[in-house]
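The chain contents come next:
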Amino acid sequence: AKGRILPLVNADPVFNGPTQAGLPRSMDMIQLGRSFLYITDSTENSATSISADAVMNDEVDLTDAAMLALFQSRMQNSDTKMSQRFSTPSHEAYGISLGYENSDQHHYLVKCDSCNHYNEPLFNRDCVHLPGLPADVHDLSEIDVDIASHIDFKNSFVRCSKCSSPLDLSRVDNREWVAKYPTRILHRGYRIGTFSTHRLPIDYVVSQLLKYKERDYIRGWHNTVLGVAFTEESARLTEDQIHVCMVGNMERPTRPDVYVGVDVGAVCHIVVGQPRGDKTIIWELLQVPVGKLNETIEMLSQEYNIIAGAVDRHPYTPSADALRDLTNHKVMPVEY
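Residues numbered from 1 in each chain as written. Predicted model: local features only at pLDDT ≥ 70, side-chain atom pairs only at ≥ 80, totals over all residues. Heavy atoms only, no water.

Pairs can form between side chains of opposite charge whenever their charged atoms are close. Applying the stated rule across the entire model yields eight salt bridges. Between Asp104 and Arg188 there is a salt bridge, with its nearest N and O atoms 3.7 Å apart. Residue Asp104 is located in the loop between helix H4 (95-101) and strand S5 (106-111), and its partner Arg188 is located in the loop between strand S9 (175-179) and helix H6 (202-214); the two are separated by 84 residues in the primary sequence. Residue classification places Asp104 among the buried residues on the basis of a relative accessible area of 4%. Close ionic contact of Arg191 with Glu120 constitutes a salt bridge, the shortest N to O distance being 3.2 Å. Taken together, the positions of Arg191 in the loop between S9 and H6 and Glu120 in the loop between strand S6 (118-119) and strand S7 (128-129) put the pair 71 residues apart, joining distant regions of the chain. (Salt bridge = Lys/Arg side-chain N within 4 Å of Asp/Glu carboxyl O. Helix = DSSP H or I, 4+ residues; strand = E, 2+ residues; numbered from the N terminus. Buried < 20%, exposed > 50% of the residue type's maximum accessible area, 1.4 Å probe, protein only.)

For the rest of this paragraph, the subject is helix H9 (residues 293-303). An α-helical turn contains 3.6 residues, so a residue and the one three or four places further along point in the same direction. Along H9, the residues that are buried comprise Leu293, Thr296, Ile297 and Leu300. Buried residues along H9 cover an arc of 100 degrees about the axis, so they all sit on one side. Every exposed residue of H9 that faces more than 90 degrees away from the buried side is listed here: Glu295 and Gln302. Looking at the buried side of H9, the elements it contacts are strand S10 (257-263), strand S11 (267-276), strand S12 (279-289), strand S13 (305-312) and helix H10 (317-326). (Arc of directions from axis to C-beta. Contact = heavy atoms within 4.5 Å.)

Let us look at the sheet that holds S6. Ordered in space as S6-S5-S9, the three strands form an open sheet in which the pairing is antiparallel. Looking along the sheet, the strands with just one partner apiece sit at the ends: S6 and S9. Two strands pair when backbone bridges link them, and S5 and S6 are joined in this way by two bridges, in the antiparallel orientation. Each bridged residue has a counterpart across the sheet, and for Val110 the counterpart in S6 is Asn119. (Pairing = 2+ DSSP bridges.)

This is how it looks when you write it as structure tokens:
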């Protein structure tokens, strides 16, 4: 609010006429004429305390889905009901990526000056000319330090996928937003990619690829540099994989020795499992509000003999430490 919103409001004449003098403007609330702009966090109290005509949620993929639904409910008495969501994508078919897939899917195309073909420039071999790139490298995410050392980045460029001429990404007169599904009129979606502007040159994209690989965090490169959801199968468990672990009507031993895994958030996810040979039998999959986490673990301790476990230390370390102490150091905080 202080660094981005207030400077814009205070500098724009439309917000500073004679009728605007003396209106309250703070970090969490700005009055604009007879309207009010609230800047809040994504807690339940914030999501239920203010009625609204428009709601804009930032970093959707880092926000609890239940909180997003609560924010939407604040517009039920409005004639406007304007909802906008923004986020860096994370996983495919999740959060902002799922919303975009269900939208009319606007792409920011660029027109080739040579052949008039409209391109959606992506970071792939069809759209990027990289002199020195070995012919057997089909996926540009395979580039490593050795491959990069042979590439002539000074003479690389984003090219037309039809005639291979260089594309000018710095102009706006050759750009156009085009919807892939124009008949989907209820939900508009826009995606900003690597080459939606000229500000991310090819050598920067590759250098970031190498850095993210060095940190073993290739998903971060896909999300923040390419601006796309991460689709690698190893990144997420499928529903079928989870069902394989379910025990069905198997008779449960009395107080079996189990491991416990806890994912902390506004809604906490708890997994209770028991090793059986080369696999783990899942006895419980629970979702509980964070305020009932310790109570639920105490209940599970009566039903199972918890011998070990892990809880993510973030986003709130005191909760993780309290769970550690509650289980006599059997469930330990973990930080990646």
